[in-house]
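Here is how the chains run, residue by residue.
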Amino acid sequence: MQLFLDSAKPNEIREAANLGVISGVTTNPSLVAKEKVDYKERIMEICQIVSGPVSVEVLSQEAEGMVTEAKEFATWASNVIVKVPMIEEGLRALKSLRQLKIRTNVTLVFSLNQALLAAIAGADYVSPFVGRLDDVGHDGMQLVAEIVNAYKTYNMSTQVIAASIRHPLHVVQAVHAGAHIATIPFGVLEGMLHHPLTDLGVQRFLDDWHRAIGEQERKNDV
Ligand code: E4P
């Protein structure tokens with residue numbers, strides 16, 4: 001199980017990378033747009049922070065335009081993965097991208113059928129959006145488990161990224177579902193790290209230690 005950071009913020013990415021727990025990054029147009037920066041500059045900056053895969057999404061809605069964008073993205077850094085939406089034109093683009101040996105992440109996947117098509121078309125990664133499915137009353141993590149099982153049954157090498165992760169429990173559920181990767185916002189990473197009993201335990205050990213040292217010093221003074 002690997003963790004990617006779902007972020008376009010260099011400071012967050014740097015902090016998570018320094019913890020040594022993230023293997024890659026996923027971005028999307030909404031995340032980069034919020035930053036109000038140049039797309040290419042920001043992606044190149046991110047690709048320098050992490051050596052693992054960095055997903056960059058195409059904006060075109062036509063296969064030809066997607067391929068043109070993908071070729072351009074691939075020149076930005078060697079760890080760029082091109083994110084293609086799970087639409088008809090996206091599938092068409094996948095075929096060309098596979099021939100060009102450009103690695104892909106098929107995004108906005110909401111059904112097993114879509115995940116099957118993406119894998120058959122040669123996607124390197126597929127991203128089922130768990131939180132957005134939960135939002136509309138479906139079990140997002142159930143879909144992740146179904147995709148993982150299907151890929152296992154048919155020996156498909158496409159990696160499943162549990163995406164649209166909203167809280168630490170989603171990560172636990174992604175592990176149980178057998179997802180290869182979970183891409184998580186920085187806040188979820190912080191939520192995974194902290195536990196009040198850990199903080200309490202650390203404080204208690206320190207208090208005991210200082211109390212014992214204090215007692216020893218008092219004895220030595222007598
Ligand atoms: C994944 O690649 C997407 O960028 C992301 O997980 C979308 O999450 P959201 O539904 O919280 O926007």
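This text goes with the structure placed above it.
Right, let's walk through the structure included here. Going along each chain's sequence as written, the residues are numbered from 1 onward. pLDDT decides what is reported in this predicted model: residues at 70 or higher carry local features, side-chain atom pairs at 80 or more are listed and counted, and totals for whole chains, interfaces and linings draw on all residues regardless. Values shown for side chains rest on all heavy atoms present in the structure; no hydrogens or waters enter the calculation.

1. Looking at the sheet that holds strand S8 (residues 181–184)
Put simply, the test is: DSSP-based pairing: two strands are paired if at least 2 bridges between them are found. The way it works is that DSSP assigns letters per residue, a run of H or I at least four long becomes a helix, a run of E at least two long becomes a strand, and they are numbered from the N terminus. Fitting a line to C-alpha atoms yields each axis, with helices limited to the stretch in contact; the angle taken between N-to-C directions then spans 0 to 180 degrees.
Pairing in this closed barrel of eight strands is parallel, and the strands run S1-S2-S3-S4-S5-S6-S7-S8 around the ring. Averaged over all adjacent pairs, the angle separating strand axes in this sheet is 30 degrees, with direction ignored. Here strand S7 (residues 159–162) runs beside S8; their pairing, made up of two bridges, is parallel. In the sheet register, Ile161 faces S8, and the bridge partner there is Ile181.

2. Here's the deal with the pairing of strand S5 (residues 104–109)
The cut-off we apply is this: Three labels apply to residues, based on accessible area from a 1.4 Å probe with only protein chains included: buried if under 20% of the type maximum, exposed if over 50%, partly exposed otherwise in between. Every crossover in which the path from the first strand over the helix to the second runs clockwise, viewed with the strands pointing away from the viewer, is termed right-handed.
With five of six residues buried, S5 is to be regarded as a mostly interior element. The pairing of strand S4 (residues 80–85) with S5 spans four bridges and is classified as parallel. The residue bridging Val82 from the neighbouring strand is Thr104, located in S5. Each parallel crossover has a hand, and the one from S4 via helix H5 (residues 88–99) to S5 is right-handed.

3. What about the site of the ligand?
Just so we agree on the cut-off: One heavy atom suffices: a residue is near a molecule or strand as soon as one of its heavy atoms comes within 4 Å of it. The term polar contact refers here to a pair of N or O atoms within 3.5 Å; inside protein, the definition further demands a hydrogen-donor-capable atom paired with an acceptor-capable atom, and it admits residues adjacent in sequence only when both atoms are side-chain atoms. The Shrake-Rupley method, run with a 1.4 Å probe sphere, supplies the accessible areas, and residue values consider only the shown protein chains as cover. Throughout, the ten residues Ala, Val, Leu, Ile, Met, Phe, Trp, Tyr, Cys and Pro are labelled nonpolar, Asp, Glu, Lys and Arg are labelled charged, and all others, Gly among them, are labelled polar.
In the vicinity of the ligand, the contacting residues are Asp6, Thr26, Asn28, Lys83, Phe129, Arg132, Ala163, Ser164 and Arg166. The contact in question runs from an oxygen atom of the ligand to an N or O atom on the side chain of Arg166, over 3.2 Å. When the ligand is considered free in solution it has 350 Å² of accessible area, and contact with the protein chains removes 85% of it. Considered class by class, the residues forming the shell around the ligand number two nonpolar, three polar and four charged.

4. Focus on the environment of Leu200
As for its position among the elements, Leu200 is in helix H11 (residues 196–221). A sequence separation of 28 residues divides Leu200 from Val172, and the C-alpha atoms of the two residues are 23 Å apart.

5. Here we look at the packing of aromatic side chains
Convention followed: Each Phe, Tyr or Trp ring, with Trp reduced to its six-membered ring, pairs with another whose centre is within 6.5 Å; inter-plane angles below 30 degrees give stacked pairs, above 60 give edge-to-face pairs, and intermediate values give tilted ones.
On inspection of all chains with the given rule, the structure shows five aromatic pairs. Taking the centre distance of 6.3 Å and the plane angle of 65 degrees together, the rings of Phe4 and Tyr125 count as edge-to-face. Residue Phe4 is located in strand S1 (residues 2–6), and its partner Tyr125 is located in strand S6 (residues 125–128); the two are separated by 121 residues in the primary sequence. Since its relative accessible area comes to 12%, Tyr125 is described here as buried. With centroids separated by 6.3 Å and ring planes inclined at 90 degrees, the aromatic side chains of Tyr39 and Trp76 adopt a geometry described as edge-to-face. Note that Tyr39 is positioned in helix H3 (residues 39–49) and Trp76 in helix H4 (residues 63–76), a separation of 37 residues in sequence. Residue Trp76 is classed as buried on the basis of its relative accessible area, which comes to 10%. Through a chain of ring-to-ring contacts, three or more aromatic side chains come together here, namely Tyr39, Phe73 and Trp76.

6. A look at a nonpolar patch on the surface
Test applied: For patch detection, residues must exceed 30% relative accessible area and be free of salt bridges, and they are connected within 9 Å for like charges or within 5 Å for nonpolar side chains (Val, Leu, Ile, Met, Phe, Trp, Tyr). Each reported salt bridge corresponds to a side-chain nitrogen of Lys or Arg within 4 Å of a carboxyl oxygen of Asp or Glu.
Together, Leu19, Val21 and Leu193 give the surface a local cluster of nonpolar side chains, amounting to about 280 Å² of exposed area. Residue position: Leu19 is located in helix H1 (residues 10–19). For Leu19, a relative accessible area of 48% corresponds to the partly exposed category.

7. Section: the pattern of salt bridges
Throughout the structure, instances matching the rule amount to nine salt bridges. Lys83 is the partner of Glu57 in a salt bridge, and the nearest nitrogen-oxygen pair spans 3.8 Å. With Glu57 in strand S3 (residues 54–57) and Lys83 in strand S4, this residue pair connects regions lying 26 residues apart in the sequence. Taking the relative accessible area as the measure of exposure, Glu57 reaches 9% and is therefore buried. Relative accessible area serves as the criterion here: at 4%, Lys83 is assigned to the buried category. Arg166 is the partner of Asp135 in a salt bridge, and the nearest nitrogen-oxygen pair spans 2.9 Å. With Asp135 in helix H7 (residues 130–135) and Arg166 in the loop between S7 and helix H9 (168–177), this residue pair connects regions lying 31 residues apart in the sequence.

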